[in-house]
Amino acid sequence: MITMSDSMKKVASDRKKQQPKEAIQGHATVEQFALSKIELSIYVTIYIFFIVYGSYNVFQTSKENEHQLNLQEPTWKVLNRNKDVSNHEWQFYRGWFPKFAPFFISHVVLSKVYDWIFPAKNKLYFYMIHSLLAISTIYGVFQLALMLIYALAHYLISTYTVSKTLVWVVNLMSIATLNYSPFTDYMMTWIPHRRQYYLYNFSVAMLLIKFLSFSLEQWDQRYNKKPAFSLTEMISYAFYLPLLVLGPHITFHQFHTECNEPKRGITKKEYFNHAVTFLRLLFWAIFMEVFLHFMYINAISEVYSLMDNVPLWSLATIGFWQGQSFQMKYVVYFGLPSIMARLDQFHPPEKEILTEVFT
């Protein structure tokens, strides 16, 4: 016979089973706080209105104060507008891209030819020879020699010393040569062109990250009494052209593992996806160029007297668009090298994580 209390317990138990797991644990569910479509539409409409209205204010401010700003004469006849050249990072890498582009193209083409002729072999020697030739052409033999000195120092320390601490010491000392006198003074004397010096500095900074990754792996190999990695493997990894300047970064362990894995080939669908990604990156690069012809957000930010008198709407929207342009830059900077690395069947990070946190 079922008593009243048993019946009540059964009802309570059934209700508990029907409740979402989050509610049982005392937490609210997503569904409980989901906005209605009408409310969400209102918020999106207001957001878009603020962005459009603020952008119009920035455009008007840009137009009214052109004479005070650091602008470049029109380079696109279609637009017939001056360009904001105060986004120094974008201008810097945009200026160097034409020199890198032929080597990027030759890397992709020759890499596929190599796969066709030697399908079962890894491409360490190809990566090394092609990258060193590209660097010697773009940077010069002198700068390449300096980079190789850093590489040799890290290789010798990680291969022939018993202290892991020395690996870190050498890496930190190498970083110091990029930041402190008299090293920087000597380098600016030997590399008199400022743009060339900055490119060299950025590239060596990226190389030092890779040298450290290799050195720690090398030391661990020796500590575990395993065969040491060769200098060829180090140079192929560190100087790998697609990821040389801007990244994204992959560890030596990942590079070595994926380089020696059997190549399965790239499917038509993967080629299609890479092509779509490339077109997306091309769109954002063109969008960035067009944007800089209409919205002088960086040039305005450099004129403090103007910033003091900019309307609040313009000021807020300038901050918004600076965050967005930062993301657009790194979508392109990280995206293009990633495509080339994926065509070689490496797997660098898919997204610019730092940018996501920033925005």
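Residues numbered from 1 in each chain as written. Predicted model: local features only at pLDDT ≥ 70, side-chain atom pairs only at ≥ 80, totals over all residues. Heavy atoms only, no water.

Novice: An account of the packing of helix α5 (residues 124-138) against helix α10 (residues 231-238) is requested, with residue identities and associated values reported.
Specialist: At a closest axis distance of 8 Å, the pairing of α5 and α10 adopts a crossing angle of 60°. Taken together, the axes of α5 and α10 are oblique relative to one another. As for how α5 packs across α10, the hand of that crossing is left-handed. Residues Leu124, Tyr125, Tyr127, Met128 and Leu132 of α5 lie in contact with α10, whose contacting residues are Thr232, Glu233, Ile235 and Ser236. Of the residues that constitute the contact of α5 with α10, the class distribution is six nonpolar, two polar and one charged. (Axes fitted to C-alpha atoms, helices over the stretch in contact; angles between N-to-C directions. Helix = DSSP H or I, 4+ residues; strand = E, 2+ residues; numbered from the N terminus. Parallel < 35°, antiparallel > 145°, perpendicular 65-115°, else oblique. Left-handed = near helix turned anticlockwise from the far one by under 90°. Contact = heavy atoms within 4.5 Å. Nonpolar A, V, L, I, M, F, W, Y, C, P; charged D, E, K, R; others polar.)

Novice: Go over the nonpolar core with me, naming the residues and quoting the values.
Specialist: Ranked by internal contacts, the top residues of the largest apolar core, which has 73 residues, are Tyr139, Phe211 and Phe239. Non-local contacts of Tyr139, meaning those with residues more than four positions away in its chain, are made with Phe100, Met147, Gln196, Leu199, Tyr200, Ser203, Leu244 and Val245. Counting residues in each nonpolar core, the second largest holds five residues, with Leu281, Val331, Ile339 and Leu343 among its members. (Core = buried A, V, L, I, M, F, W, Y, C linked by side-chain atoms within 4.5 Å. Buried < 20%, exposed > 50% of the residue type's maximum accessible area, 1.4 Å probe, protein only.)

Novice: Requested: an account of the packing of aromatic side chains, with residues and values cited.
Specialist: Summed over all chains, the structure comprises 40 aromatic pairs. Between Phe100 and Tyr139, the aromatic rings sit 6.2 Å apart at their centres with planes inclined by 85°, giving edge-to-face as the arrangement. Here Phe100 is found in helix α4 (residues 88-117), whereas its partner Tyr139 is found in the loop between α5 and α6 (141-160), with 39 residues between them in sequence. The two residues Phe100 and Tyr139 agree in class, both being buried. One aromatic cluster is present, formed by Tyr114, Phe118, Phe126, Tyr127, Tyr155, Phe214, Phe229, Tyr237, Tyr240, Phe252, Phe255 and Phe346 through successive ring pairs. (Phe/Tyr/Trp six-rings, centres within 6.5 Å; stacked < 30°, edge-to-face > 60°.)

Novice: How would you summarise the environment of Phe239 if you had to cite specific residues and measurements?
Specialist: Secondary-structure assignment places Phe239 in the loop between α10 and α11 (252-260). In sequence terms Phe239 and Leu207 are 32 residues apart; their C-alpha atoms lie 7.4 Å from each other. If we skip the residues at most four places from it in the chain, Phe239 touches Ser131, Leu132, Ile135, Leu144, Met147, Leu148, Ala151, Leu207, Phe211 and Leu244.

Novice: Explain the pattern of salt bridges residue by residue, including any values.
Specialist: For the structure on display, the rule yields seven salt bridges. A salt bridge links Lys123 to Asp115; the nearest nitrogen and oxygen atoms lie 3.2 Å apart. Here Lys123 falls in the buried class, since its relative accessible area comes to 3%. The closest approach of N and O atoms between Asp344 and Lys123, which form a salt bridge, is 3.2 Å. In this pair, Asp344 sits in the loop between α15 (312-343) and α16 (353-358) while Lys123 sits in the loop between α4 and α5, placing the two residues 221 residues apart along the sequence. You'll find Asp344 and Lys123 in the same group, each marked buried. (Salt bridge = Lys/Arg side-chain N within 4 Å of Asp/Glu carboxyl O.)

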